[in-house]
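# Survey of secondary and tertiary structure
Take a look at the letters that make up each chain.
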Amino acid sequence: MDIMSILQLLGGVGLFLYGMSLMGSSLEKLAGSGLERILEKLTTGKNKATGYIKGWGLGAGVAAIFQSSAATTIMLIGFVNAGIMKVAQAMPVIMGANVGSTATAQILRLGDLGSDNIFVQLIKPTSFAPILVGIGAFIFLFSKKKQAKNVSGILVGLGVLFYGMTTMESVFAPLRDSAAFQKAFVSFNNPLIGILVGLIITAIIQSSNASIGILQALSATGSVTYISAFPIIIGVNLGKCMTTILGGIGGNKKSKRLVLGYILFNLFGAIMFCVIIYSIYYSVGIGFFGNTINRSGIANIHFLFNFLTSIFLLPFSQKLSNLTAKIIGEEDVSKSDKELATLDEMLLNTPTIALEQCKNIISSMADAIYENYHLSTGLIYNYDPDKFVALEENESFIDRCESALSSYIVKINSKRLSKDDRLVVAEILNSLSDFERMGDHCMNIYFVAQDKNEQNIHFSPAGHFEVDTIINAVDNIMKTTFESFKNDNSSTALRIEPMAEAIDRLKEIIKAHHVERLQTGDCGIAGGISLVDLVTSFERIASHCANISLHIVKRVDNNKGFDEMHGHTNDSHSEEYKALYHYYETLYVTPVINEKQALQTDNLKSEEKKPDSKKSDDKKPDNKKSDDKKPDNKKSDDKKPDNKKSGDKKQIDKKIKDKKTDDKSGKNK
């Protein structure tokens, strides 16, 4: 072979690899995220046998579409590394992927068709390759639909793949009559040399399909026999492990266990086939082993190696998983590390799965926030410093998740995303800071509870009732928000904004009542500061819940014209909104107002009883005599009711004036 032949060979290999890649990526886009979702979720059954069979079938189907077992295996490594799948759950999928990857060789065997029938001629690769490329290019150029362009990619990819195959065959054609080449190829009859050659070529090319394709092209020379092709095929199946080994570098122990399982699978198959075949060959002999092999024979051996090995090992998937655990070991990870491990770099090539992991982590953040809310509000009246450890651990987890998700979402956003995925990215980016701030306000509630305990502050009965009411209201809005976010429920999200408005009004009423209690001396300044700090944190949590509801509605309803940064989930003048607001007002605001009115009624009744006590004092003889001796004072005392009325009037005027000032300042705020 001269330099031009070598360059032509490289071009043929390049066309083959490009066509295979284009066809696989176009099929993946055409299927959308369905393949990844199926691969992730539908690998379990009512019993292990059903789960193994389903996983095997899915692996075979996905690998046939991707045209690569290595691509499927690397995807699985990412899922296992991220904790989406267990090692034992992924093992059957890997076995099926090995079988699915043989689909390319089965397609290439069509080149062996030699009939003069026009129909048979048309389905030969050399005939339909230009037809596929022509049709695909026509669709790509004249169609604007995305799905049609994906179909064109499949057609062009398949056509280019066959062009590459034809190019390689044309390069190898002169070797048909080369005695030196035939002599060199005889050396592959040595099993060890043949396995080594297949392994090295595949490790360099990083594609078992390409290696098998080259071998099929070589078979057109008539120099390849069964005995020389068999060890090369075994070596090819061992060499394809190199891609998976590289893909597992940097992963956790679970992903390394899966890589080891993949290696053990192919190693076991190689040993089993070599022992069986060569034991028979060297003992009783195999008659056809010296015959020339064609594309079909190579495709069949390649298929049988992977099919029989997977069928034999499939029932032992769990045992194979356990063996990898004994060799590599298990790893114990904290809650935080376990959650953040799901943000695996390998999932970036499957954005839909990566985004689902992001939402799962935010759901875990929501659980931690809700737990901290209950811990912190419980400490307001029953302070326990030992609870701070759990609070701090949750807050650290929330902060770490927020930081990791922000970086990870940016990486996902740099990928080519579907319309739905872009909406999810926007929802997560906009909601993430709201979740994190809710966690901060929960910690603020704890610190207020701590100060309240250290300063021995006690709320008045009215303040106690009001704090309990707003705690329950915020608990409700948090539960509603988290449920809506986790379930993508926009109808539930519509309830959040009117609830937040009711809580905001409740906050203003509590603050106004607090000012009145300060004026009457029913509440101290220190207790008042704690109360105001608490209700402010409660109101801010409700406000962040309202923000999150806007992003949920924006994505779930897919409303392009909705401005979630400045808009509202529903019209505040609509009957639905008014009804919801009235409901939450009745639930939380009205009880506080009624409680205030009840306290005022009790105070009035207690004041009305004061004249009776005066009469009882008049019955005391000593006091009466002393009073009688002071007629001038008595007269002045008789004038006191007028002064009292005047004083009450001034006090009422002052309260009205203070109330107006508070209302104005509230509006300004």
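Residues numbered from 1 in each chain as written. Predicted model: local features only at pLDDT ≥ 70, side-chain atom pairs only at ≥ 80, totals over all residues. Heavy atoms only, no water.

### What about the overall build of the protein chain?
Each helix and strand in the protein chain was counted, giving 30 helices and zero strands. Taking all 669 residues of the protein chain together, 47% fall into the buried category. A fraction of 81% describes how many contacts in the protein chain between residues 6 or more apart in sequence connect residues 24 or more apart. Entry remark: accessible area of the protein chain is about 33,200 Å², with carbon and sulfur atoms responsible for 59%. (Helix = DSSP H or I, 4+ residues; strand = E, 2+ residues; numbered from the N terminus. Buried < 20%, exposed > 50% of the residue type's maximum accessible area, 1.4 Å probe, protein only. Contact = heavy atoms within 4.5 Å. Areas by Shrake-Rupley, 256 points an atom, 1.4 Å probe, with all protein chains shown as cover.)

### Overview of the packing of helix H19 (residues 351–378) against helix H21 (residues 419–454)
Running from amino to carboxyl end, H19 crosses H21 at an angle of 15 degrees, the nearest separation of the two axes being 9 Å. Here H19 is positioned roughly parallel relative to H21, judged by the angle of their axes. In this structure, H19 meets H21 at a crossing whose hand is left-handed. Residue classes in the contact of H19 with H21 are distributed as 19 nonpolar, five polar and four charged. (Axes fitted to C-alpha atoms, helices over the stretch in contact; angles between N-to-C directions. Parallel < 35°, antiparallel > 145°, perpendicular 65-115°, else oblique. Left-handed = near helix turned anticlockwise from the far one by under 90°. Nonpolar A, V, L, I, M, F, W, Y, C, P; charged D, E, K, R; others polar.)

### A few points about the pattern of salt bridges
For the coordinates displayed, the defined rule picks out eleven salt bridges. With a shortest N-O distance of 3.6 Å, Lys359 and Glu427 are connected by a salt bridge. Within this pair, whereas Lys359 is found in helix H19, its partner Glu427 is found in helix H21, the two being separated by 68 residues in sequence. The burial state of Lys359 is the same as that of Glu427; both residues are buried. Here Asp367 ties to Lys486 by a salt bridge, and the two come within 2.6 Å at their closest N and O atoms. (Salt bridge = Lys/Arg side-chain N within 4 Å of Asp/Glu carboxyl O.)

### A few points about unusual backbone geometry
Positive phi, close to 55 degrees, is recorded for Asn456, a residue that is not glycine. Of the residues examined, Asn456 reaches a relative accessible area of 56% and is grouped as exposed. Phi is positive for Asp488, close to 50 degrees, though the residue is something other than glycine. Position of Asp488 relative to the elements: it lies in the loop between helix H22 (461–487) and helix H23 (490–493).

### Some words on the confidence of the model for the protein chain
Scored by pLDDT, the protein chain comes out at a mean of 76, with 74% of its residues at no less than 70. Counting interchain partners and residues more than four positions distant, the pLDDT-below-50 stretch residues 613–657 has four contacts. Across residues 659–669 the pLDDT falls below 50, and counting only partners more than four positions away or on other chains, this stretch makes three contacts in the model. (pLDDT = per-residue confidence, 0-100.)

### A closer look at the nonpolar core
Residues Ile412, Ile477 and Met478 are the most contacted members of the largest nonpolar core, which totals 100 residues. When neighbours within four sequence positions are excluded, Met478 is seen to be in contact with Ile369, Tyr370, Tyr373, Met438, Ile541 and Cys545. Membership of the second largest hydrophobic core comes to 44 residues, among which are Met23, Leu161, Ile277 and Phe289. (Core = buried A, V, L, I, M, F, W, Y, C linked by side-chain atoms within 4.5 Å.)

### Let's talk about the packing of helix H15 (residues 253–283) against helix H16 (residues 295–313)
Think of two packed helices as two axes; the pair is described by the angle between the axes and how far apart they sit. Here H15 crosses H16 at 110 degrees, and the two axes come no closer than 10 Å. Judged on the interaxial angle alone, H16 and H15 are roughly perpendicular. Two secondary-structure elements touch here, H15 through Phe265, Asn266, Phe268, Gly269, Ala270, Met272 and Phe273 and H16 through Leu304, Phe305, Asn306, Leu308, Thr309, Ser310, Phe312 and Leu313.

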